[in-house]
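What follows is each chain in one-letter form.
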Protein chains: 2
Amino acid sequence: MAAIRHALNTRRESDFAAWYQEVISAAEMAEESGVRGCMVIRPWGYGIWERMQRLLDDRIKAAGIANAYFPLFIPLANFTREAEHVEGFAKEMAVVTHHRLIADGAGGLVPDPDAKLEEPLIVRPTSETIIGDAMSRWVQSWRDLPLKLNQWANVVRWEMRTRMFLRTSEFLWQEGHTAHATAEEAREETMRALEMYRAFAEDDVAMPVIAGEKPEHERFPGAVETWSIEAMMQDGKALQAGTSHYLGTNFAQAADIRFQDSEGGQALAHTVSWGMSTRMVGGLIMTHGDDDGLRVPPALAPQQVVILPMLRDKPEDEALVAYCEELRAKIAEQSALGEPVRVLLDTRPGKAAAKRWDYVRKGAPVIIEVGGRDMDNGVVSQLRRDALWNEASGKPAFATPSREEAAAGIGALLEDIQSALFAAAAARRDASIRRDIATMQDLEAFYSSGEKYPGWVEVQWARPTGAALEKVVEQLKALKLTVRNVPMDAAPATRACIFTGEPAVERIFIAKAY
Amino acid sequence: MAAIRHALNTRRESDFAAWYQEVISAAEMAEESGVRGCMVIRPWGYGIWERMQRLLDDRIKAAGIANAYFPLFIPLANFTREAEHVEGFAKEMAVVTHHRLIADGAGGLVPDPDAKLEEPLIVRPTSETIIGDAMSRWVQSWRDLPLKLNQWANVVRWEMRTRMFLRTSEFLWQEGHTAHATAEEAREETMRALEMYRAFAEDDVAMPVIAGEKPEHERFPGAVETWSIEAMMQDGKALQAGTSHYLGTNFAQAADIRFQDSEGGQALAHTVSWGMSTRMVGGLIMTHGDDDGLRVPPALAPQQVVILPMLRDKPEDEALVAYCEELRAKIAEQSALGEPVRVLLDTRPGKAAAKRWDYVRKGAPVIIEVGGRDMDNGVVSQLRRDALWNEASGKPAFATPSREEAAAGIGALLEDIQSALFAAAAARRDASIRRDIATMQDLEAFYSSGEKYPGWVEVQWARPTGAALEKVVEQLKALKLTVRNVPMDAAPATRACIFTGEPAVERIFIAKAY
């Protein structure tokens, strides 16, 4: 077993946070913009987000939900109206107070005092209230229900401490909003959205998740129920990667979404909202990245296959590029994961080896290098990004299929990489969940043992509420822990509540979290 | 020739502005949001915009331009820096001054005085300056050029008088930004973007356009050259539907986009920007709408074919829906304009005739109704939205092909509708351009003749600049006219300048404009 010279400077095991930043920078995914809390999403990072959008949007449309677009600005009054909602969001928002700049007489510009808005406008932190206004106009009768809308948009929640993709003041997301005639239908929709997120996370992002209900204190402000998918990152922390909220009639009451039911009476609609954001890109990095950079699951890779001819700035280059172009064309005719294969032939100036490491850091699933000797032998040198190293030699694990084999096998190879990334993440997660801890002492001991990335613990509890729950939250907070969710389809409780000693009613996951 | 009872209340010929608003409302495309200057884009309108995005984005990607995302907020200092840029945009912009709200003690919320930003942030009116900042970081050497980026985003320019899709404070657009080593390359890119817009407008929106250079006084602030595509609306006014700007080194200077050239010297990059917005949706309405509502070109229709079974709430409905579902499945297997046909079987409760008129107003290209008798005869009743009426009978012009013919012929039918809409718009435009006007008196007489929708005039001029141009602009302004552009590929000038009497150097289009 030879020593491997990894493509990054920082190892996951030594400093996960620094490693995360290095991946983002080395893969050219994003960078600080110079505007507080806002990042620039570079083409490779944005290309991954576009793939996420495309695949999730296909699922949204297939579920009969229509996209629409609502204003960026929300009148202050909308926030005042929904008191409970305000509690959760009022603290940190971007407030527009003026609509004009004028010269300050010293070469600069200032907001024009004569152009002060009568009522400040808030840059949307989420759109329940403004979409609720529209729903109240569009819903008159039970025939108008269910009303199912989705919006892809930017939202702003002022953040003091930011972290690229995971917590930024401006972020990109989709927010689904539906209105229903009955609580039962609304609850069904809540669960359908959750299942859509689970399938998207596992099938497309190759990220295993636990779907379940958030405990009462972690509910979205104003929600009756909040459900989430939770993924384990490689440092053992949990990432909430998508949420679905059953809002009861709370928002319908505030926005006056009423309808005439089939008996002629008036009733309030039951509403649902659900969101997934660019945070998922951070989750992808922390699920699949390794000490050589990012590894993008083929379903999400802007380019699934990159072909690098070893150009030497000589007349022979022409034949080599032609050989590679034929390969590119044949690969582009193949399909993987139900879509045509996305393949790039990179003929820009530069050494093939340097470009190889660029694409390794970016995480392109398959990298194919072709030199003059490969061409003479009718073969190519092929790297799988998810199995990069020959551990014995400490060198990149090139395979050398014939050009025809490389083209014909690409679909199966990409699908295998997609499955392998999921399987590796699921195995890692499952190995990092403890289910044998039954007392607070053991819990405390486990998380104080000095293990760097301890993972999650599944415990059983009596689902305390109110003051009893607050006490639990405090106890956990002292250990920097949080309740993630109550997993669906879990086995029944069998023990005493780890917090109160009463008979437990269900299982919950406990973890440190992003 | 029988009288036709149109689906809208307002005729184009009687009140074009009111007709425009009625189409938007009747087709459920958009509505006022209650937030000043911001509209809600409803699913049918947004579905058309999504189709525009998809088709233009495919062209952008095919041109080797990568999507990225830049901050919504731009620091005030960026605007101060680019003096000429400020002139054009500083007037009306949304200014963020606070990042927190607090309770005012009277049940309301106010901006927290303790959370005032040290430097106000501007909601982007366009992103040249912030993307210029990123380019200055990413461009070091000639090897980094050309750098070609595009962003799909919302932008805000505070507007006092708004009109849905045509002029709103917040609008959606794409903005392309590229940097090049030489003026020649940058000019080529400017023209490539213009040609991309021309092809998109004509091939996808079925909207004939004139591509040409804007006169000096209509340039984008800071640009060396501005080019546009101009379309004629059905009221004879011009709509600028896309622009491409060669910015010289002006923005590179302000943002410090410098590179080491191949000889080791330092040089400023030449930059280009180009944009197309939701304004195009307004252009689509005013190009293809008629007295029955919208007509959507098949390339852009969210649903190209709508199947309406004439349900009667009886047991026979089941067989009818099955008959329609077979038709739907067969149509969905067909292709039109290079994509699978988008077909909807609408089985919601409601009368088929009422639904027919809803889809007529929405402008679905093909509407197929199927009643029990149709089913018994193995036929369907098919309407082409672009040829809705039997003029002789004053009734909808249903064709009754067999179900198999309807399915097999759908691709050709949709392609024919796409061409027919373009041909009709081109014929109407060409019939509304006068080329025989050579004096100011004749120009004035023409536009004062009382003709309601007089159209455009092509005249010849000496391309005046500075004060001479200002005088021309004033003369035209008195007639509510503007210079649209200097058309590309036009015949050489042959006359005297209509304004100065000097020998003319080129042709220009003059029109009233949106």
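The paragraphs below set out a description of the structure included in this document. (Residues numbered from 1 in each chain as written. Chains lettered and ligands numbered in written order. Predicted model: local features only at pLDDT ≥ 70, side-chain atom pairs only at ≥ 80, totals over all residues. Heavy atoms only, no water.)

### As for the interface of chain A and chain B
- Across the contact, 60 residues belong to chain A and 60 residues belong to chain B.
- Note on chain A versus chain B: buried area summed over both sides is about 5200 Å², and carbon and sulfur give 65% of it.
- Three residues, A:Y69, A:L101 and A:L109, lead the burial of chain A against chain B; their summed loss comes to 13% of the area buried on that side.
- In this structure, the connection of chain A to chain B is made through six salt bridges.
- Across the pair A:R100 and B:E92 runs a salt bridge whose closest N-O atoms are separated by 2.8 Å.
- Counting the contacts that link chain A with chain B gives 30 residue pairs in polar contact (both at pLDDT 80 or more).
- The element that contributes the greatest number of residues to the side of chain A that touches chain B is strand β5 (residues 92-98) of chain A, accounting for seven residues. (Contact = heavy atoms within 4.5 Å. Buried area = accessible area lost by both parts, 1.4 Å probe. Salt bridge = Lys/Arg side-chain N within 4 Å of Asp/Glu carboxyl O. Polar contact = N/O pair within 3.5 Å; in protein donor to acceptor, adjacent residues only side chain to side chain. Helix = DSSP H or I, 4+ residues; strand = E, 2+ residues; numbered from the N terminus.)

### Description of the relation of the copies chain A and chain B
- You can overlay chain A on chain B at an RMSD of 0.0 Å; the transform is a turn of 180 degrees with a shift of 0.0 Å along its axis. Taken together, the rotation and translation relating the two chain copies correspond to the operation of a two-fold axis. Residue A:V96, judged by its C-alpha, is the member of chain A lying nearest the rotation axis, at 2.1 Å.
- Interface overlap between copies: 100% of the residues of chain A at the interface are likewise at the interface in chain B, consistent with a symmetric, same-surface contact. (Least-squares fit on C-alpha atoms with pLDDT ≥ 70 in both.)

### Topic: the pairing of strand β10 (residues 170-180) of chain A
All names here are of chain A.
- Among the 11 residues that make up β10, 11 are buried, leaving the element largely enclosed by the rest of the structure.
- Of the strand pairs in this sheet, β10 and strand β16 (residues 270-277) are connected by eight bridges, and their pairing is antiparallel. Its bridge partner lying in β16, H177 is registered against S273. (Buried < 20%, exposed > 50% of the residue type's maximum accessible area, 1.4 Å probe, protein only. Pairing = 2+ DSSP bridges.)

### Let's talk about the sheet that holds strand β25 (residues 433-434) of chain A
Residue and element names in this part refer to chain A.
- Overall, mixed pairing links the four strands, which are arranged β25-β26-β29-β27 in an open sheet. The sheet is open, and its two edges are formed by β25 and β27 (482-483), each paired on a single side.
- Alignment of β25 against strand β26 (residues 456-461), held across two bridges, turns out to be parallel. Across the sheet, R434 pairs through a bridge with V457, a residue of β26.
- In the packing of helix α14 (residues 440-447) onto the sheet, contacts are made with β25, β26 and β29 (506-511), and the angle to β26 comes to roughly 170 degrees. (Axes fitted to C-alpha atoms, helices over the stretch in contact; angles between N-to-C directions.)

### Re the packing of aromatic side chains
- A complete count under the given rule lists 26 aromatic pairs over all chains for this structure.
- Aromatic pair A:W456 and A:F509: ring centres 5.5 Å apart, planes at 65 degrees, arrangement edge-to-face. Separated by 53 residues along the polypeptide, A:W456 in strand β26 and A:F509 in strand β29 bring together distant segments of the chain. Take A:W456 and A:F509: they sit in the same class, and that class is buried.
- Aromatic side chains B:F70 and B:W138 sit 6.1 Å apart centroid to centroid with 40 degrees between the ring planes, which places their arrangement in the tilted category. Taken together, the residues B:F70 in the loop between β3 (66-67) and β4 (73-75) and B:W138 in helix α5 (residues 128-138) connect sequence positions 68 residues apart.
- For B:F70, a relative accessible area of 0% corresponds to the buried category. (Phe/Tyr/Trp six-rings, centres within 6.5 Å; stacked < 30°, edge-to-face > 60°.)

### What to know about the side chain of B:H177
All names here are of chain B.
- Mapped onto the fold, H177 is located in strand β9 (residues 170-180).
- Looking at H177, its side chain comes within polar contact range of the side chain of E175, at 2.8 Å.
- Leave out the neighbours within four places in its chain, and H177 touches S127, E128, I131, M135, L147, K148, L149, V272, S273 and W274.

### A short note on unusual backbone geometry
- In this chain, A:L145 is followed by A:P146 through a cis amide linkage whose omega measures -5 degrees.
- Relative to the helices and strands, A:P146 resides in the loop between α5 (128-138) and β9 (147-156).
- A positive phi is found at A:D256, a non-glycine position, where the angle reads about 60 degrees.
- Looking at where A:D256 falls in the secondary structure, it is placed in the loop between α7 (250-255) and β14 (258-260).
- A relative accessible area of 41% means that A:D256 is categorised as partly exposed.
- With a phi angle near 55 degrees, B:L337 is a residue other than glycine that sits in the positive phi range.
- In this fold, B:L337 is placed in the loop between β17 (335-336) and β18 (339-340).
- With a relative accessible area of 34%, B:L337 lands in the partly exposed category.

### With respect to helix α9 (residues 317-332) of chain B
Residues and elements named next belong to chain B.
- In this model α9 runs 22 Å from its N-terminal to its C-terminal C-alpha over 16 residues, within 8% of the 22 Å that 1.5 Å per residue would give.
- The complete set of buried residues in α9 reads D317, L320, Y323, C324, L327 and I331. Each buried residue of α9 lies within a common arc of 130 degrees when the element is viewed along its axis, so the set occupies one face.
- Summarising the contacts, the buried residues of α9 are in contact with β16 (305-309), β19 (343-345), β20 (366-370), α11 (372-377), α12 (403-408) and α13 (410-431). (Expected span 1.5 Å × (residues − 1). Arc of directions from axis to C-beta.)

### What about the pattern of salt bridges?
- One pass over the structure, following the stated rule, counts 78 salt bridges over all chains.
- Salt-bridge contacts for B:D416 lead to B:R384; the nearest nitrogen and oxygen are separated by 2.8 Å. Taken together, the residues span a long stretch of sequence, with B:D416 in helix α13 and B:R384 in strand β21 (residues 381-384) at a distance of 32 residues.
- On the accessibility criterion, B:D416 (39% relative accessible area) is partly exposed.
- For B:R384, a relative accessible area of 22% corresponds to the partly exposed category.
- One network of salt bridges, with partners in common, ties together A:E326, A:K330, A:R403 and A:E404.

### Some points on the nonpolar core
- By size, the foremost hydrophobic cluster in this structure holds 76 residues, and its most contacted members are A:F70, A:F73, A:V123, B:F70, B:F73 and B:V123.
- Discounting chain neighbours no more than four positions away, the residues touching A:F70 are A:R124, A:I130, A:I131, A:A134, A:W138, A:L149, A:Q151, B:V40 and B:E170. (Core = buried A, V, L, I, M, F, W, Y, C linked by side-chain atoms within 4.5 Å.)

### Overview of the sheet that holds strand β12 (residues 238-246) of chain B
All names here are of chain B.
- Strand order in this open sheet of eight strands is β3-β8-β9-β15-β12-β11-β10-β27, and the pairing throughout is mixed. At either end of the open sheet lies a strand with only one pairing partner, and these are β3 and β27 (486-487).
- Pairing between β12 and strand β15 (residues 270-277): four bridges, direction antiparallel. Looking at β15, one finds that Y246 is bridged to V272.
- Docked against the sheet, α5 engages β8 (147-156), β9 and β15, running at close to 30 degrees with respect to β9.
- Strands β11 (225-232), β12 and β15 of the sheet are contacted by helix α8 (residues 279-288), whose axis makes an angle of about 145 degrees with β12.

### Quick notes on the environment of A:W274
Residues and elements named next belong to chain A.
- By the element assignment, W274 lies in strand β16.
- Look at W274 and you get buried, because its relative accessible area is 2%.
- Between the alpha carbons of W274 and Q174 there is a distance of 8.1 Å; along the sequence they are 100 residues apart.

### A look at the packing of helix α2 (residues 43-62) of chain A against helix α6 (residues 183-204) of chain A
Residues and elements named next belong to chain A.
- Orientation of α2 relative to α6, taken along the N-to-C sense of each, is 140 degrees, at an axis distance of 11 Å. Relative to α6, α2 is oriented oblique. Where α2 crosses over α6, the two elements pack in a sense that is right-handed. Of the residues in α6, those in contact with M52, L55, L56, R59 and I60 of α2 are M196, Y197, A199, F200, D203 and D204.
- Within the contact of α2 with α6, the residues separate by chemical class into eight nonpolar, no polar and three charged. (Parallel < 35°, antiparallel > 145°, perpendicular 65-115°, else oblique. Left-handed = near helix turned anticlockwise from the far one by under 90°. Nonpolar A, V, L, I, M, F, W, Y, C, P; charged D, E, K, R; others polar.)

### A look at helix α14 (residues 440-447) of chain B
- What α14(B) keeps buried is the set B:M440, B:L443, B:F446 and B:Y447. Angularly, the buried residues of α14(B) cover 125 degrees about the axis, an arc narrow enough to put them on a single face.

### As for the side chain of A:T190
Residues and elements named next belong to chain A.
- By secondary structure assignment, the location of T190 is in helix α6.
- A distance of 2.7 Å separates a polar side-chain atom of T190 from the backbone oxygen of A186.
- Excluding its chain neighbours within four sequence positions, the residues that come into contact with T190 are W227, S244, H245, Y246 and V272.

### Description of the packing of helix α1 (residues 16-26) of chain B against α8(B)
Residues and elements named next belong to chain B.
- Relative orientation of the contacting elements α1 and α8 amounts to 110 degrees, with a least axis distance of 11 Å. For the element pair α1 / α8, the angle class is roughly perpendicular. Note that α1 runs across α8; the crossing there is right-handed. Every residue of α8 that contacts α1 at F16, W19, Y20, V23 and I24 is listed here: G282, I285 and M286.
- Its residues placed into classes, the contact of α1 with α8 shows seven nonpolar, one polar and no charged.

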